[in-house]
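What follows is each chain in one-letter form.
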Amino acid sequence: MIRFDALALATVMAGASAGAALAGDAPPEIKMPEVSVKDAKGWYVRGDLGYAVNASRNDTTFRAYDPAGGDNSSGRFDSDRFGGNFSGGLGVGYQFNDLLRADVTGDFFSGDFNGSISSASPCSGGAGGTGCSTKARSSFRAGSLMVNGYVDLGTLAGFTPYLGAGLGATRVSWSSVNAVGSCIDGASGCGGAASVSARYPGDSDWRMTYTLMAGVAYEVAPNVKVDLGYRFSHIAGGDMFGDSSASAGGTTGRDGALSRHEIRIGLRVTTW
């Protein structure tokens, strides 16, 4: 009986020793640190510079008083060109999630206008039977207030392409329009007739504006993104110059809608 108990005890101790040895050979447990992903959500500020590669529209019109007939006549510039290359803007926005964001921006740009009109009628004070060619020049300043929305299309290797659209208003302020009329030979010769100049006061008004945008952003540093994109802006036409009554001696003009095609680069600084 004693021998049996001793044998059983030796067997139990040998099994325990073998289990301990096997336990010592098992690989240690590896604990992975918890990884938290920060949501793309929060406020941001932005600043942009733009270069307009095209900013013209060929539907600038005018209305003038005709003293001979005692009424108003309307016409269209034979050719017109709107220039204005650079723009700048500031804004503040909110990123709702990885997909959607929106911002409010204020933009400023300026430009110039060159147009020409040809008429079979003589210039003011010109001889009968001659024509008149008038060239007009002016400049404008414009400021826009826009509400914009964007869809970010995912991020690959740090690049995030996006599409966007905006709606708002632009105040266009024209300086005075300077017009110079030169005599053109017709049934009668000009015979060295002098040029005739006129100056019309510029107008200012608010105009509905919409934009369409596409571009790509790249994170160059934590919380800082460089934004390179294209923007098309359509600004409704409005009053350009002159006395709105166009009474005796009055002349008014309206510019056509301004369309701007811009390449823009900017910075976005985020808060998350």
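Above this note sits the structure.
Residues numbered from 1 in each chain as written. Predicted model: local features only at pLDDT ≥ 70, side-chain atom pairs only at ≥ 80, totals over all residues. Heavy atoms only, no water.

A word on the nonpolar core
- Counting residues in hydrophobic clusters, the biggest one holds 17 residues, and the most contacted among them are Phe-113, Phe-140 and Trp-174.
- Residue assignment for this core shows that the elements contributing at least two residues are β6 (100–119), β7 (131–152), β8 (159–174), β9 (177–184) and β13 (238–242).
- Residue contacts for Trp-174: discarding those within four places in its chain leaves Phe-82, Phe-113, Ser-138, Ser-139, Phe-140, Gly-202, Asp-203, Ser-204, Arg-207, Asp-239, Met-240 and Asp-255. (Core = buried A, V, L, I, M, F, W, Y, C linked by side-chain atoms within 4.5 Å. Buried < 20%, exposed > 50% of the residue type's maximum accessible area, 1.4 Å probe, protein only. Helix = DSSP H or I, 4+ residues; strand = E, 2+ residues; numbered from the N terminus. Contact = heavy atoms within 4.5 Å.)

Remarks on the state of the cysteines
- As enumerated under the stated definition, the model contains two disulfides in all.
- Shown here is the disulfide that connects Cys-183 with Cys-190, its sulfur atoms set 2.0 Å apart. The sign of the -90° torsion about the S-S bond sets the Cys-183-Cys-190 disulfide as left-handed.
- We classify Cys-183 as partly exposed; its relative accessible area is 23%.
- Residue class for Cys-190 comes out buried when judged on its relative accessible area of 18%.
- Across the protein, the disulfide pattern expressed with sequentially numbered bonded cysteines is 1-2, 3-4. (Disulfide = S-S within 2.5 Å.)

Describing the packing of aromatic side chains
- Taken as a whole and judged by the stated rule, the model has eleven aromatic pairs.
- With a centroid separation of 5.3 Å and an interplanar angle of 70°, the aromatic rings of Tyr-51 and Phe-86 are classed as edge-to-face. One end of the pair, Tyr-51, is in strand β1 (residues 42–54); the other, Phe-86, is in strand β5 (residues 86–95), with 35 residues separating them in the sequence.
- Assessed through its relative accessible area of 39%, Tyr-51 is described here as partly exposed. (Phe/Tyr/Trp six-rings, centres within 6.5 Å; stacked < 30°, edge-to-face > 60°.)

Remarks on the side chain of Thr-209
- As for its placement among the helices and strands, Thr-209 is situated in strand β11 (residues 204–221).
- At a separation of 2.7 Å, a polar atom in the side chain of Thr-209 contacts the side chain of Thr-170.
- Those residues within four positions of Thr-209 in sequence are excluded, and the remaining contacts are Met-146, Gly-166, Leu-167, Gly-168, Ala-169, Thr-170, His-234 and Ile-235. (Polar contact = N/O pair within 3.5 Å; in protein donor to acceptor, adjacent residues only side chain to side chain.)

A word on the pattern of salt bridges
- For the structure on display, the rule yields 14 salt bridges.
- Residues joined in a network through salt bridges with shared partners are Arg-46, Asp-48, Asp-103, Asp-107, Asp-227, Arg-231, Arg-260, Glu-262, Arg-264 and Arg-268. (Salt bridge = Lys/Arg side-chain N within 4 Å of Asp/Glu carboxyl O.)

Topic: unusual backbone geometry
- For Ala-157, which is not glycine, the phi torsion reads 55° and is therefore positive.
- Mapped onto the elements, Ala-157 comes out in the loop between β7 and β8.
- Take Ala-157: its relative accessible area is 66%, and that puts it in the exposed class.
- Positive phi is not limited to glycine here, since Asn-223 has a value of about 70°.
- Considering the arrangement of structural elements, one finds Asn-223 in the loop between β11 and β12 (224–235).
- Residue class for Asn-223 comes out partly exposed when judged on its relative accessible area of 26%.

Regarding the side chain of Arg-101
- Examined against the element boundaries, Arg-101 turns out to sit in strand β6.
- Here the side chain of Arg-101 touches Asp-152 through a polar contact of 3.2 Å, side chain to side chain.
- Discounting residues that sit within four places of it in the chain, Arg-101 has contacts with Tyr-44, Arg-46, Tyr-94, Gln-95, Phe-96, Asn-148, Gly-149, Tyr-150, Asp-152, Tyr-162, Asp-227 and Arg-268.

Section: the pairing of strand β14 (residues 251–255)
- With respect to burial, β14 is a largely interior element, four of its five residues being buried.
- Judged from the four bridges that link them, β13 and β14 form a sheet pairing that is antiparallel. The residue bridging Gly-238 from the neighbouring strand is Asp-255, located in β14. (Pairing = 2+ DSSP bridges.)

Here's the deal with the environment of Cys-132
- Relative to the assigned elements, Cys-132 resides in strand β7.
- Given a relative accessible area of 8%, Cys-132 falls into the buried group.
- The contact partners of Cys-132, leaving out residues within four places of it in the chain, are Ile-117, Ser-118, Ser-119, Ser-121, Pro-122, Cys-123, Gly-181, Ser-182 and Ile-184.

Digging into the environment of Ser-118
- Within the fold, Ser-118 resides in strand β6.
- When its relative accessible area of 47% is taken as the criterion, Ser-118 is described as partly exposed.
- For the pair Ser-118 and Lys-135, spaced 17 residues apart in sequence, the C-alpha separation works out to 8.8 Å.
- Filtering out sequence-adjacent residues up to four positions away, Ser-118 remains in contact with Asp-78, Cys-132 and Ser-133.

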